[in-house]
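Notes for the structure review
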Amino acid sequence: MSQSHHTITLALPQENMVRLTTLLQSGIFLSCPTGTTIGVFLDSLPGFDMNYITERIQTIFFDGNAMDDLQRRFTQKKHVLALSAAMPGLAGAIFRKNSLCAALRTQENTHCSSISPETTTLICLKLFNMIAQEKGEKILQRGGLFTGESLKDFFLNRPSLLKSVSALQCDTQETVPAAFLSSLQDNQYYFFRIPQRNETGTNI
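Quick caveat: nothing in here was measured; it's all calculated off a predicted structure. (Residues numbered from 1 in each chain as written. Predicted model: local features only at pLDDT ≥ 70, side-chain atom pairs only at ≥ 80, totals over all residues. Heavy atoms only, no water.)

1. A short note on the pattern of salt bridges
Our working rule: Any Lys or Arg side-chain nitrogen located within 4 Å of an Asp or Glu carboxyl oxygen qualifies as a salt bridge. Secondary structure elements are taken from DSSP: a helix is a run of H or I of four residues or more, a strand is a run of E of two residues or more, and numbering for both begins at the N terminus. Accessibility here uses a 1.4 Å probe with only protein chains present; expressed as a share of the type maximum, an area under 20% marks a residue as buried, one over 50% as exposed, and anything in between as partly exposed.
Using the criterion set out here, one finds 2 salt bridges in the structure. Among the salt bridges present, the one from Arg-56 reaches Glu-134, with a minimum N-O distance of 2.4 Å. Of this pair, Arg-56 sits in the loop between helix H3 (50–55) and strand S3 (59–62) while Glu-134 sits in helix H5 (residues 129–142), and the two are 78 residues apart along the sequence. Of the residues examined, Arg-56 reaches a relative accessible area of 32% and is grouped as partly exposed. Note that Lys-152 is salt-bridged to Asp-186, the shortest N-O span being 3.2 Å. With Lys-152 in helix H6 (residues 148–156) and Asp-186 in the loop between helix H8 (177–183) and strand S10 (189–193), this pair connects stretches of sequence that are 34 residues apart.

2. Examining the pairing of strand S1 (residues 7–11)
Each regular strand shows side chains that alternate between the opposite faces of the sheet. To keep things clear, this is the line we draw: Two strands are said to pair when DSSP picks up at least two bridges between them.
Within S1, 4 of the 5 residues are buried, which leaves the element mostly enclosed by the surrounding structure. Alignment of S1 against strand S8 (residues 167–170), held across 4 bridges, turns out to be antiparallel. Counterpart to Leu-10 in the pairing with S8 is Leu-168.

3. Let's talk about the packing of aromatic side chains
We describe a pair of aromatic rings using the distance from one ring centre to the other and the angle between the two ring planes. Defined as follows: Side-chain rings of Phe, Tyr and Trp, where Trp is taken by its six-membered ring, are said to pair if the distance between their centres is within 6.5 Å; with planes under 30 degrees apart they count as stacked, over 60 as edge-to-face, and otherwise as tilted. Note on geometry: a ring has a charge over it if NZ (lysine) or CZ (arginine) is within 6 Å of the ring centre and within 35 degrees of the ring normal.
As enumerated under the stated definition, the model contains 8 aromatic pairs in all. With 5.1 Å between their ring centres and 85° between their planes, Phe-29 and Tyr-189 make a pair best called edge-to-face. Within this pair, whereas Phe-29 is found in strand S2 (residues 28–33), its partner Tyr-189 is found in strand S10, the two being separated by 160 residues in sequence. Of the two residues, Phe-29 and Tyr-189, neither departs from the other in class, the shared state being buried. Judged by centre distance (5.8 Å) and plane angle (85°), the ring pair of Phe-146 and Phe-192 falls under edge-to-face. Pair noted here: Phe-146 is in strand S7 (residues 144–147) and Phe-192 is in strand S10, with a separation of 46 residues, a long-range link. For the pair shown, Phe-146 and Phe-192 are each scored as buried. Each residue in the set Phe-146, Phe-154, Phe-155, Phe-180 and Phe-192 is aromatic and connected to the rest through ring pairs, giving one cluster. Geometry around Tyr-52 places Lys-135 over its ring, the cationic atom sitting 4.5 Å from the centre.

4. A closer look at the environment of Lys-163
Within the fold, Lys-163 resides in helix H7 (residues 159–163). Here the alpha-carbon distance between Lys-163 and Leu-12, two residues 151 residues apart in the chain, equals 9.3 Å.

Written out as structure tokens, the structure reads:
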């Protein structure tokens, strides 16, 4: 992922921020050195600390499998990491960290544990429910990569959210929502971010 990417900067009213953070369900792509543990990676995210990771994050899916081990390392070129707060019902009990129902999980295939020759791993980080609501804004302020397809699908299905956008830039050029959507290429990555806010709550 060393090639350059177009940077999309989008600002909208604070009251709509919770709706925007659901974009993180589709996955934001972040990189880290190959061999980094899940715990160290999570601790590096804006707004996260080890207390939040161990107490608030109740479900972790690593490449589609529920797991509890924060010492697991990213060993391949790409991984998918999904985080959730406590989920209701039996499914929530099965997938919750350190659950007594963990034996009911689908067993993970761990035979592919060799270290990738790549020095950087691309993590598709997905945030759900309260984790997205509580930490999504800070992560989007730092920014990360999204596919054009995920951005297009997200905003096309939320026309009122797109209509509330107060400022939109592609690289350094001002643009409008219609032009922004039509320019997105499904299989390309875009660096997407929102501005940080000053103490009065307005966009910088």
